[in-house]
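Fold and geometry: a report
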Amino acid sequence: MRLPDFVVIGAAKAGTTSLYALLDRHPDIFMPEVKEPEFFARDDLYAAGPDGYAAAFAAAGPDQLVGEASTIYTLAPFFPETAARLAAHMPQAKLIYVMRQPVARAYSFYVQIIKNYQNVTGDASVHRSFEAFIDPDLPRDGASRDKVFSLANAHLPDAADLCLAGSEYVQQIETYLAHFPRDQILFLKFEDFVQDRPGTLGQITDFLGVDPLEAAVFAQAGVTQNVAEDHFRDWGDRISVDRMRGKARGIWALRRLLPEGLRQMLKRRMLRYQPQTRSHVPPPMLPETRARLTARFAPQIPRLKALTGLDLDDWAL
C-alpha cells in the first residue's frame, strides 16, 4: 500500500492550490488527481479504511515521492483527530505548512465558502456577511446553512469560529508537534510564495530532497489557481449578459448568425457599457472587524515566531 511521503497540511487560502499545481509538474513528485483527499480529517472517510485513500497514489512511479494537500488538516478543533491519525499511519511523513496573514486569510476563507456556494447552486446571491458568519452574537442575516454552504462543503460545520480557526496557527502547530518532530515540518509564508515562487519552491524541494523545479515551469500559464477575483468578475459578466438577453428578447437569437470572433468582440463592448451589479460579491470586512481580529491574533505572534523561525513583521500585527 503506497501512502504519501509528504503532506501539505494548509493553510486554506494560503496558496496551496497553486503550490499543488507546481508540485504536480515536478517529474520526481506524484500528486493525486484530487488535490484534497481529506482522509485523515473526516470521520466518514477515515472509517472506510486506508485502501481507498491509498488508491489515489497507486499510479505513482517507484522513484517518485508521493504527496497530497488537504487544508482541513489544519482546522483543529473541528477535526481534532487529524494529526494523531496522520502520525499513526505515516510517522515519517514530512509536513509543509504555508501560513498567511491571519486576518486576511480568515476573510478569504469566507469568500471561498461563498464562491463554492455560487458555483454549485447557481445562486449568485450573497446571503451572509463576514461579520454575521464569525460573530455568534449577531443574527445570521436570516441565512440558513443551505443558503451559505454548498454540498461540496457539507463536511464543514456552520460554526462562528470556522473562518478563524484556520488562522489560529499556534494551536494548529502545537497539535502537530505533539505527534511529529519539529524537523519533519517546514513552515512557510504565503506572502513569500507570492513574491518569490522559485525561492519558496526551492525551500520545499530541498526539504523533500528532490531537484529544484525547472525555471520554465514558473513561466507556464495556469500556475495561479483558485483566484476569487476571476470568479466574481465572471459572475458579474454572466449577470450582465442575462440582463442584455432580457432586453434584446427575440433579437438575441440572431447573434448566432455572426462569426464567433465578431460575437465575442460585440459582447466585450456591450459589457463595457453595462451597469455593473455588486450583489454577487461578498461585502468587504468592516474596519471595526479588522481591528477586532487584529487584536485577537497579534498576541500570538511572538509564540508563532518562536515555533516557526519565520519573520512575521510584514503581517503588521
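What counts and what doesn't
Residues numbered from 1 in each chain as written. Predicted model: local features only at pLDDT ≥ 70, side-chain atom pairs only at ≥ 80, totals over all residues. Heavy atoms only, no water. Helix = DSSP H or I, 4+ residues; strand = E, 2+ residues; numbered from the N terminus. Contact = heavy atoms within 4.5 Å. Areas by Shrake-Rupley, 256 points an atom, 1.4 Å probe, with all protein chains shown as cover. Buried < 20%, exposed > 50% of the residue type's maximum accessible area, 1.4 Å probe, protein only. Arc of directions from axis to C-beta. Pairing = 2+ DSSP bridges. Axes fitted to C-alpha atoms, helices over the stretch in contact; angles between N-to-C directions. Polar contact = N/O pair within 3.5 Å; in protein donor to acceptor, adjacent residues only side chain to side chain. Phe/Tyr/Trp six-rings, centres within 6.5 Å; stacked < 30°, edge-to-face > 60°. Salt bridge = Lys/Arg side-chain N within 4 Å of Asp/Glu carboxyl O. Parallel < 35°, antiparallel > 145°, perpendicular 65-115°, else oblique. Left-handed = near helix turned anticlockwise from the far one by under 90°. Nonpolar A, V, L, I, M, F, W, Y, C, P; charged D, E, K, R; others polar. Expected span 1.5 Å × (residues − 1).

The secondary structure content of the protein amounts to 15 helices and 5 strands. Across the protein, the fraction of contacts at a sequence separation of at least 24, relative to all contacts at a separation of at least 6, is 77%. Of the roughly 15,300 Å² of accessible surface on the protein, 54% is carried by carbon and sulfur atoms.

We now examine helix α14 (residues 287-297). Among the residues making up α14, those that are buried are Thr289, Leu293 and Phe297. Seen along its axis, α14 keeps its buried residues to an arc of 60 degrees; they face one direction. For α14, the exposed residues lying more than 90 degrees away from the buried face are Pro287, Glu288 and Ala295. Along its buried surface, α14 packs onto α5 (102-121), α6 (130-134), α7 (162-165) and α15 (301-308).

Here we come to the sheet that holds strand β3 (residues 65-69). Spatially, 5 strands are ordered β2-β3-β1-β4-β5 in an open sheet, and the strand pairing comes out parallel. Edge positions in the sheet fall to β2 (29-30) and β5 (185-189), since each of these pairs with one other strand and no more. By the bridge criterion, 5 bridges tie strand β4 (residues 94-99) to β5 in an arrangement that is parallel. Note that in β5 the partner of isoleucine 96 across the bridge is leucine 186. In the packing of helix α10 (residues 197-208) onto the sheet, the strands contacted are β1 (6-10), β2, β3, β4 and β5, and the crossing angle to β5 comes to about 180 degrees.

What follows concerns the side chain of glutamine 112. Among the structural elements, glutamine 112 can be located in helix α5. In terms of polar contacts, glutamine 112 uses its side chain to reach the side chain of lysine 13, at 2.8 Å.

Think of a pair of aromatic rings as described by two things: how far the centres are apart, and how the planes are tilted against each other in angle. Within the structure shown, the criterion is met by 15 aromatic pairs. Summarising the aromatic geometry, the rings of phenylalanine 39 and tyrosine 53 are spaced 4.7 Å apart at their centres and angled 15 degrees between planes, so their arrangement reads as stacked. Separated by 14 residues along the polypeptide, phenylalanine 39 in the loop between β2 and α2 (43-47) and tyrosine 53 in helix α3 (residues 50-55) bring together distant segments of the chain. The interplanar angle of 85 degrees and the centroid separation of 5.3 Å between the aromatic rings of tyrosine 107 and phenylalanine 130 together place this pair among those described as edge-to-face. Of this pair, tyrosine 107 sits in helix α5 while phenylalanine 130 sits in helix α6, and the two are 23 residues apart along the sequence.

The tally for this structure, following the rule as stated, stands at 12 salt bridges. Residue aspartate 313 pairs with lysine 305 through a salt bridge whose shortest N-O separation is 2.8 Å. Overall, aspartate 313 belongs to the exposed group, its relative accessible area being 56%. A relative accessible area of 31% means that lysine 305 is categorised as partly exposed. When salt bridges that share partners are traced, they join Glu38, Arg42 and Asp44 into one network.

α10 packs onto helix α1 (residues 16-24) with a crossing angle of 70 degrees between their chain directions and a minimal axis gap of 12 Å. Taken as axis vectors, α1 and α10 run roughly perpendicular relative to one another. In this structure, α1 crosses over α10, and the sense of that crossing is right-handed. Here α1 contributes Ser18, Leu19, Leu22 and Leu23 to the contact with α10, which in turn contributes Arg197, Leu201 and Ile204. Classifying every residue of the contact of α1 with α10 gives 5 nonpolar, 1 polar and 1 charged.

Below, the discussion takes up the side chain of arginine 100. Note on placement: arginine 100 falls in the loop between β4 and α5. Of note is the side chain of arginine 100, whose polar atom sits 3.4 Å from the side chain of serine 108. When sequence neighbours within four positions are dropped, the list of residues in contact with arginine 100 reads Lys13, Ala14, Arg105, Ser108, Tyr169, Phe190, Glu191 and Trp315.

Okay, α10 next. In a regular helix each residue adds 1.5 Å, so 12 residues correspond to 16 Å; α10 covers 16 Å between its end C-alpha atoms and thus fits that length. For α10, the full list of buried residues reads Arg197, Thr200, Leu201, Ile204, Thr205, Phe207 and Leu208. Viewed end-on, α10 has its buried residues packed into an arc of 155 degrees, placing them on one side of the element. If you check the start of α10, you find a side-chain oxygen 2.9 Å away from the backbone N of glycine 199, and it comes from aspartate 196. Two residues or fewer after α10 comes glycine 209, characterised by a positive phi angle close to 80 degrees.

Looking now at the pairing of β1. Of all the 5 residues making up β1, 5 are buried; the element is thus mostly covered by neighbouring parts of the structure. Pairing geometry for β1 and β3, over 3 bridges, is parallel. Across the sheet, valine 8 pairs through a bridge with alanine 69, a residue of β3. The pairing of β1 with β4 spans 4 bridges and is parallel. Considered in β4, the bridge of valine 7 is made with leucine 95.

Such coordinate-based values are descriptive only and should not be taken to indicate function.
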